[in-house]
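# Breakdown of the fold
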Amino acid sequence: MALTRRAALFGAGAAVGVLGSRWMGPQNPSLDGVKVIMPAGEAKTLNDASLLSETPVFRHTVIQGAPDLAPSTWLFDALRKELAEAASENRPVNLSAARHSMGGQSIPRDGHAITLDMPAIFDVDSDTGTYRALAGTRWHQVIAALDPLGLSPKVMQSNADFGVASTFSVNAHGWPMPFGPMGSTVRSVQMMLADGSLITASRSENADLFGAAMGGYGLIGLITELEVEAVPNQLLEPTFQTMPASDFAAAFVKTADGSVPMAYGRLNIDREGFFDDAMLVTYRPIAGDIPPAAGSGFLSKASRAIFRAQPGNEWVKRRRWGIETGIGAWLAGASSRSSLMNEPVITLDDRDPTRTDILHEYFVSPDRFGDFVAAAKAIIPGSYQELLNITLRWVAEDPVSMLSYAPSGPRIASVLLFSQEMTARAEADMERMTRQMIDAVLAIGGSYYLPYRPHATVDQFRRCYGGAEEFAALKRRVDPGLRLRNALWDNYLAKV
Ligand SMILES: Cc1cc2nc3c(=O)[nH]c(=O)nc-3n(C[C@H](O)[C@H](O)[C@H](O)COP(=O)(O)OP(=O)(O)OC[C@H]3O[C@@H](n4cnc5c(N)ncnc54)[C@H](O)[C@@H]3O)c2cc1C
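Before going into details, it helps to say that this report is about the structure given with it. (Residues numbered from 1 in each chain as written. Predicted model: local features only at pLDDT ≥ 70, side-chain atom pairs only at ≥ 80, totals over all residues.)

### Some points on the overall build of the protein chain
Each helix and strand in the protein chain was counted, giving 14 helices and 22 strands. When the 496 residues of the protein chain are sorted by exposure, 49% land in the buried category. (Helix = DSSP H or I, 4+ residues; strand = E, 2+ residues; numbered from the N terminus. Buried ≥ 20, exposed ≤ 12 C-beta atoms within 10 Å, placed from the backbone.)

### Observations concerning the site of the ligand
Close contacts around the ligand come from 33 residues, with Ala98, His100, Ser166, Ala172 and Gly218 the closest. When contributions to the shell around the ligand are tallied by element, the ones reaching two or more residues are strand S7 (93-96), helix H3 (164-170) and strand S14 (222-232). Looking at the shell around the ligand, its residues break down into 16 nonpolar, 16 polar and 1 charged. Both domain 1 (6-232) and domain 2 (235-462) contribute no fewer than three residues apiece to the shell around the ligand. (Near = placed C-beta within 6 Å. Nonpolar A, V, L, I, M, F, W, Y, C, P; charged D, E, K, R; others polar. Domains from an automatic or database assignment.)

### Remarks on the environment of Glu272
Relative to the helices and strands, Glu272 is located in the loop between strand S16 (262-267) and strand S17 (277-285). Accessibility expressed as a C-beta count within 10 Å gives 9 for Glu272, which makes it exposed. On a C-alpha basis, the gap between Glu272 and Arg318 in space is 8.9 Å, while along the polypeptide they are 46 residues apart.

### Focus: the nonpolar core
Counting residues in hydrophobic clusters, the biggest one holds 131 residues, and the most contacted among them are Ala213, Leu226 and Ala263. Counting contributing residues, this core receives three or more from each of domain 1 (6-232) and domain 2 (235-462). (Core = buried A, V, L, I, M, F, W, Y, C linked by C-beta atoms within 7 Å.)

### Considering unusual backbone geometry
Across the junction of Met177 and Pro178, the peptide omega takes the value -10 degrees, indicating a cis bond. Residue placement: Pro178 occurs in the loop between H3 and strand S12 (186-192). At Asn206, a position not held by glycine, the phi torsion is positive, near 50 degrees. Relative to the assigned elements, Asn206 resides in the loop between strand S13 (198-202) and helix H4 (207-213). The class for Asn206 is buried, based on 21 C-beta atoms found within 10 Å. Within the chain, Phe275 stands out as a residue other than glycine whose phi angle is a positive 60 degrees.

The values reported here are purely geometric and, on their own, carry no functional implication.
Here is the structure:
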């Protein structure tokens, strides 16, 4: 399709033509549509997606931009003001987007929490397949902007509510194949350091800060915009293959030859045959018109009801596996690449005030996947936790991020979704089980993911993340006052 070489887009995807100047918005931008909410000093707490991280903060500031308002120095001024005021009282600062992390990684204790909610996609370049996004832009806004131009995000999570800078800051991955984490698709970032200076970081400029900020949980700088790679959107058709779990890794390795643009796996979770069976779902390109990106499809919505009936119900768990590998596979039709990734988190919402959903994630090399399955079989069924789902993803090696979870060779990522009772007993049980899982995974050369519950011990963290000491030293150099802090720093990095 014919694309303008440089199209500029703001907000939820309205293409507004060829870009002449860098910013395209109102001729005389006013601050109308921008809200900086600063409740003055009143007692306040913030939580995250776990609902278990309630933490006191000094202030929560939401910086919002109207979709057609081009930010410039006023955004930098707002961030500098927070940094200066926090410094004068030695309080921490943390910048975030959707706060879907689960262990206070987005919350500065007694500090200045800032939420960035400014959507803007611009400088879409069809020749290089790149675009620029403001830090707080959510993935559904990226999809809406790229879709009319025939482009699609290269790597993002499996849900579209998260911020683009947050995704870089946790170095998230998804099910596009055969790429590394999202950071591998970022060319450069613009970032404000704790002293208020603005820098650009890339693989060739301030490369050490780029590697530290990728998966650096906002501890290196406040990211304001990113240059990110896109790929052509495609019409894709799924193929479903079931197999013994022991055959899964070899089958997944075969799909990572570049011919399959999207793929994921599943394991069965009913207690009788726990993790014995696997399903590999591969999406391959087919000819045909690509429909506009849609949101959650009928199948996602229908499967929610079955999904949520699982806790305490082995019959439903067994039936669900049958449905997923049977009629579900039969019903699933062609879809665009962007539609597949345009899933809101709310589709999965549990709507039960006594329980909360908790994710775990482990990364092991394909040749140790059998050992991972054996460890999970020995540990998970003995806990009190209700496992709702396990999804398997491919993650290529990531040699750039200082806190890389795939530092040497590709990994199979196992994403486990638990439903946890919101009680002290359940929390203690979850901590015990998580530590057992981490020990088992470290013993086979694997790693665990950092945006979830802070149940790992400091020793486990240190053993898992070999670059942690270097990261902490670099952070102390660029942020000697330790202005940028959150629970990941307080619980782990401050102690390595
Ligand atoms: C339902 C669900 C599904 C998920 N699926 C996946 C998945 O498929 N793959 C995967 O890898 N992960 C997945 N995750 C984890 C998810 O990627 C992270 O929790 C991610 O941080 C969520 O984005 P967010 O906007 O909510 O980030 P936040 O929680 O707001 O922030 C996360 C971190 O990024 C930092 N940060 C945010 N913005 C900036 C900025 N502008 N500058 C500097 N630092 C910043 C914050 O300080 C914080 O440390 C999932 C989580 C949930 C709850």
